[in-house]
Structures are given as structure tokens and as C-alpha cells.
Amino acid sequence: MSTILVINSGSSSLKYQLIDVEVEEVLASGLVERIGETTGTATHHGPAESHDRDLAVADHAAAFAAMRDAFDEHGPSLAEHPPIAIGHRVVHGGVRYIEPTIVTDVVKSDIADLAELAPLHNPANLEGIIAAEGLFADIPHVAVFDTAFHQTLPPAAFTYAIDAELAERQHVRRFGFHGTSHRFVSRAAAEFLGRPLGEVKQIVLHLGNGASACAVDGGRSIETSMGMTPLEGLVMGTRSGDIDPAVLFYLHRKTGMDFGELEDLLNRRSGLVGLSGHNDMRDVHDAAASGDHAAQLAFDVYVHRLTYYIGGYFAQLGRLDALVFTAGVGENSPEVRARAVEGLGGLGIRLDLARNAAQSHLPRRISTDDSPVAVLVVPTNEELEIARQTLSVVR
Ligand code: ADP
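The rules we used
- Residues numbered from 1 in each chain as written.
- Predicted model: local features only at pLDDT ≥ 70, side-chain atom pairs only at ≥ 80, totals over all residues.
- Heavy atoms only, no water.
- Helix = DSSP H or I, 4+ residues; strand = E, 2+ residues; numbered from the N terminus.
- Buried < 20%, exposed > 50% of the residue type's maximum accessible area, 1.4 Å probe, protein only.
- Areas by Shrake-Rupley, 256 points an atom, 1.4 Å probe, with all protein chains shown as cover.
- Lys, Arg positive; Asp, Glu negative; His and termini not counted.
- Charge placed at Lys NZ, Arg CZ, Asp CG, Glu CD.
- Phe/Tyr/Trp six-rings, centres within 6.5 Å; stacked < 30°, edge-to-face > 60°.
- Near = heavy atom within 4 Å.
- Polar contact = N/O pair within 3.5 Å; in protein donor to acceptor, adjacent residues only side chain to side chain.
- 1 Å grid on protein atoms, 1.4 Å probe; cavity = no way out; pocket = protein on both sides within 12 Å on 5 of 7 lines; lining within 4 Å.
- Sits in = over half its atoms within 2 Å of the grid points.
- Nonpolar A, V, L, I, M, F, W, Y, C, P; charged D, E, K, R; others polar.
- Salt bridge = Lys/Arg side-chain N within 4 Å of Asp/Glu carboxyl O.
- Contact = heavy atoms within 4.5 Å.
- Core = buried A, V, L, I, M, F, W, Y, C linked by side-chain atoms within 4.5 Å.
- Axes fitted to C-alpha atoms, helices over the stretch in contact; angles between N-to-C directions.
- Parallel < 35°, antiparallel > 145°, perpendicular 65-115°, else oblique.
- Left-handed = near helix turned anticlockwise from the far one by under 90°.
- Pairing = 2+ DSSP bridges.

A.B. asks: Please clarify how the overall build of the protein chain should be interpreted in this entry.
C.D. replies: When its secondary structure is counted, the protein chain shows 15 helices and 14 strands. With the principal axes as the frame, the protein chain shows a C-alpha extent of 60 × 55 × 45 Å. Across the 395 residues of the protein chain, 52% fall into the buried class. Carbon and sulfur atoms make up 53% of the accessible area of the protein chain, which totals about 17,900 Å². Side chains of the protein chain give 31 positive and 52 negative charges; the mean places of these two sets differ by 6 Å.

Here you go:
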């Protein structure tokens, strides 16, 4: 058995999975939350059962110690299943990191420099790497970048139409995110269709708390909805997605809100929560069903934007073989899927309502048999993709 430990280290949480990469099976997973607060929690799903405990987690090193203790107490034993490598999720790899990369001092310093572009994510990813190196000193650590998959975007897709010299000097361009998920799901979709990835044109809609669309042409990302940061594009749980930038100038002049407040407005107090008070799509559905007009409008704006992107990406691809829904909302909300493609029969997208309503954790087709475009639901698995990519570097 060969195992890889996958680490997703956020500013206040640590998620981990120990994966047997021979059979692609999860041996254990866990979550340490509220790092830096006086009371945190550690949840560990071991071989037999799940365990929760409250504890203070001062910093990332303490979170990793809690993870190690959980493995020691509840198994599986890391001594018996020693990981051959650690795979780390890193959000921003800039233009340099287009492949999974063995972590060196240079790589760490580049991840730190890229914090300018991903201030919420890269510093926490780096803290996770440093803490993990403390625990697992003798095995390779591999960084897998969320931006990497989108480095195939053509210049016309990644360039903002602003002063070119300023943009170049300040590294202002579109990067795209959720690349690990878009890569995994687009491959799995081609496999499900039984067609070579290289000949499939698809649109992947990753709809979780964060959300992004990606046009994938023969396995290559050619357009994606997130930009220089994960704020651009679709309506999300708490993020606005696309907005006229002049709204910010206007609000600043009119209300005196400063940049910090405007950043907070668009990242944390917009999207579904800004419109309806609920950031979870399940709550939006419930509220709308009970006649809450604000929740109904939030849903309408969310699906309106989705339809808009589907149409635009269809045009960019020139032909569409598959439209693929994934992540929390995409995998679980028949309402969102149905409304997003309602009226797209003219584009060859025909949903089978009974298939759409059926719940399952497996990849499945939800379009009619005669629909020229296959509409699929394909569960994402970013941890498995990180493990696969880590393995590809260390083998
Ligand atoms: P993250 O971006 O944090 O990885 P997920 O992909 O797990 O998020 O998606 C989480 C979101 O999925 C929740 O906020 C919720 O809105 C949505 N979700 C989960 N289950 C359902 C469901 N049955 N119906 C509608 N939305 C759901």
C-alpha cells in the first residue's frame, strides 16, 4: 500500500485526507477548525468511526499536532501506513507554476510573494506547508496550485482591457481558480461519456460556496469565470461575482466607504447572503418556497448569471458536447440545474426532469437521450486529484 497525505490549510482551518493511492481509497480524513481562537474543534474520521473533540488550537503547528494525535489515538497508524509524500493545496501559483511542484525554499518564497495576489489564501497555505514539514521532514512535499489548470488560457481570455504597461508592471491579469476541481471533473466527464478527453468540448460549472465556470476544450481550460482573484464571475454564497467597477467609485464618493470596507462588501456581504440573508443555497430554496421575495430574487439572479455564462462559453467553444455540474450546489440542487438550462433547448440542451430530480453520489447523465449536448452531474474530488498529481511528481 502507498499512501499520500493531502493537506488543505486555510487561515482558520486544516483539512486533511490520507489516501491509499494504489486503490484510490480514503483511509482517514479530518478537519481542525478555529485555528487561532481560544476554543477550536478537531474532527477525525478514522477507519471505524468519527471522533470530535474541543481543544485550543493556537496556530497551524498546533493544528498539525492535533491531526497527528488523532491518527495516533484513532488510527490508522501513520507508522504502519507512512505517507510517501504530502500533497498541499496552494491557491495561487501565478504564471510560474503550471505543474504540481516539489516544495523547495524557492517555491516557498514564491508562494509567499504571491500572497499579494491571494492574501486570504497563500499565507495560510504556506503556514500549512511549514508546519507539515516540521512533522514529516523526510518525505517530499508537493504543492498543487489552483491556478495551474488555467495557464492554458489564451491571451485574449486572460487580458484585462486596461493600460497594458501598468497591467504588466503590476501583474494584473486573469488567472482563474478551482483548477484542481475543473481538471478532475472534466476528465471524469470524458471518461463517463466514454470518449477521449482530447476530443470533448465541455463547460464545467463548479458551484460550491465559491463558484466558477470553465470552458474546457480537449482537456485544456480556454476560459474561466474567476479572474485575477476569486471575486469575478458567477454569483456566490457571499461574493458578488461580476459587477460594474464604477459601483465602487460611486459608493466610495457617496458613502465614504474605504477600500477595506468595499472589499469586505463584495467578498463577504454580497452574493446570495447580500441579496437574501442566506449564503447556503438550501436556505435560499426553503425561504423562496415559503414566499420570501428576497430569496426568490437571489435565486433568480444566481441562475440568470449561470445561463449567461453557459451561452458565452458555448460560443467560445464553437460546439458543446457536455455541460457538467459539480460541487455542493451543482451536485445537489435540481432546482438550480433546471433553471440554469431552462430555455436552452435551441442550443441542444435538453434536461430530463426525472433524471435531474434523482439523487446520487455517482456521475450521471441528466439530459434526455436525444439531447445533442449531454448534461452531466459529476461529483468533484479535489483531494483525490491532489493525491494523483502529487503521485505523478514523486513517482
Ligand atoms: P466549498 O466551496 O466550501 O467546497 P461545497 O462544494 O461543499 O463548498 O458546497 C457547499 C454549498 O453547497 C453549501 O453552501 C450549499 O449552498 C450547497 N448545498 C449543499 N447541499 C445542497 C442541497 N441539497 N441543495 C442545495 N444546495 C446545497
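A.B. asks: Would you explain the packing of aromatic side chains in this entry?
C.D. replies: Centre distance and the angle of the planes are the two values used to describe a pair of aromatic rings. This structure, assessed with the given rule, holds four aromatic pairs. Considering the side-chain rings of Y97 and F145, the 4.8 Å spacing of their centres and the 20° angle between planes classify their relative orientation as stacked. Residue Y97 is found in the loop between strand 6 (83–90) and strand 7 (101–102), and its partner F145 is found in strand 8 (residues 141–145); the two are separated by 48 residues along the sequence. Summarising the burial analysis for this pair, Y97 and F145 share the class buried. Look at Y309 and Y313: their rings are 5.6 Å apart centre to centre, the planes differ by 90°, and that puts the pair in the edge-to-face class. Taken together, the positions of Y309 and Y313, both in helix 11 (residues 293–317) and four residues apart, correspond to about one turn of that helix.

A.B. asks: Sorry if this is basic, but what is going on with the site of the ligand here?
C.D. replies: If you check the shell around the ligand, you find G208, N209, G210, D280, M281, R282, H285, A327, G328, V329, N332 and S333 and nothing else. Contacts to the ligand include M281, whose backbone N or O atom sits 2.7 Å from an oxygen atom. In this structure, a nitrogen atom belonging to the ligand sits 3.5 Å away from a side-chain N or O atom of R282. Considering the ligand on its own, with 580 Å² of exposed area, one finds that the protein chains cover 69% of that surface. When atoms are counted within 2 Å of each cavity's grid points, the one that captures over half of the ligand is the second largest pocket. For the shell around the ligand, the elements supplying multiple residues, two or more each, are helix 10 (281–289) and helix 12 (327–332). With four residues, helix 12 is the single largest residue contributor to the shell around the ligand. Here the shell around the ligand is composed, by residue class, of three nonpolar, seven polar and two charged.

A.B. asks: Teacher, can you tell me more about the side chain of R364 here?
C.D. replies: Relative to the helices and strands, R364 resides in strand 13 (residues 364–365). Of the side chains with opposite charge, E331 comes closest to the buried, unpaired R364, at an N-O distance of 6.9 Å. At 3.0 Å, the side chain of R364 and the backbone oxygen of S360 are in polar contact. Sequence-distant contacts of R364, defined by excluding residues within four places in its chain, comprise F192, E331, R337, A358, V375, L376 and V377.

A.B. asks: Help me understand the pattern of salt bridges in this model?
C.D. replies: Under the definition given, this model contains 24 salt bridges. D264 is paired through a salt bridge with R268; the nearest N and O atoms lie 3.2 Å apart. Here D264 and its partner R268 are both found in helix 8 (residues 259–268), four residues apart, which amounts to about one turn of the helix. On the basis of relative accessibility, which here comes to 45%, the residue R268 falls in the partly exposed class.

A.B. asks: What is the right way to read the nonpolar core from this model?
C.D. replies: The nonpolar side chains of a soluble globular protein tend to be buried with one another. L205, L207, Y302, I310, L323, V336 and I349 are the most contacted members of the largest nonpolar core, which has 44 residues in total. Looking at this core, the elements that each hand over two or more residues are strand 9 (201–207), strand 10 (211–217), helix 10, helix 11, strand 12 (322–326), helix 13 (334–341) and strand 14 (374–377). In terms of residues, this core owes the most to one element, helix 11, which gives eleven residues. Dropping the residues within four chain positions of it, L323 is found in contact with I203, L205, I310, V341, I349, V373, A374, V375 and L376.

A.B. asks: Would you take a moment to explain the packing of helix 7 (residues 246–255) against helix 8 for this structure?
C.D. replies: For any two helices packed against each other, one specifies the crossing angle of their axes together with the interaxial distance. Closest axis-to-axis distance for the helix 7/helix 8 pair is 11 Å, and the angle between their directions is 130°. Classified by the angle between their axes, helix 7 and helix 8 sit oblique to one another. Considering how the two elements wind past one another, helix 7 and helix 8 form a crossing that is right-handed. Two secondary-structure elements touch here, helix 7 through L248, L251 and H252 and helix 8 through L262, L265 and L266. Its residues placed into classes, the contact of helix 7 with helix 8 shows five nonpolar, one polar and no charged.

A.B. asks: Just to check I follow, could you spell out the environment of T307 for this structure?
C.D. replies: Along the chain, the position of T307 falls in helix 11. Distance in space between the C-alpha atoms of T307 and G343 is 9.4 Å, their sequence separation being 36 residues. Leave out the neighbours within four places in its chain, and T307 touches R339, A340 and L344.

A.B. asks: Is there a simple way to think about the sheet that holds strand 14 in this case?
C.D. replies: Taken in spatial order, the six strands of this open sheet run 11-10-9-12-14-13, and their pairing is mixed. Bordering the open sheet on either side are strand 11 (220–224) and strand 13, each of which pairs with just one other strand. Both strand 13 and strand 14 contribute to a ladder of two bridges, which runs antiparallel. Directly across from R364, in strand 14, lies its bridge partner V377. Taken strand by strand, helix 11 contacts strand 9, strand 10, strand 11 and strand 12, and its axis lies near 155° from that of strand 9. Each of strand 9, strand 12, strand 13 and strand 14 touches helix 13; the most contacted strand, strand 12, lies at about 150° to it.

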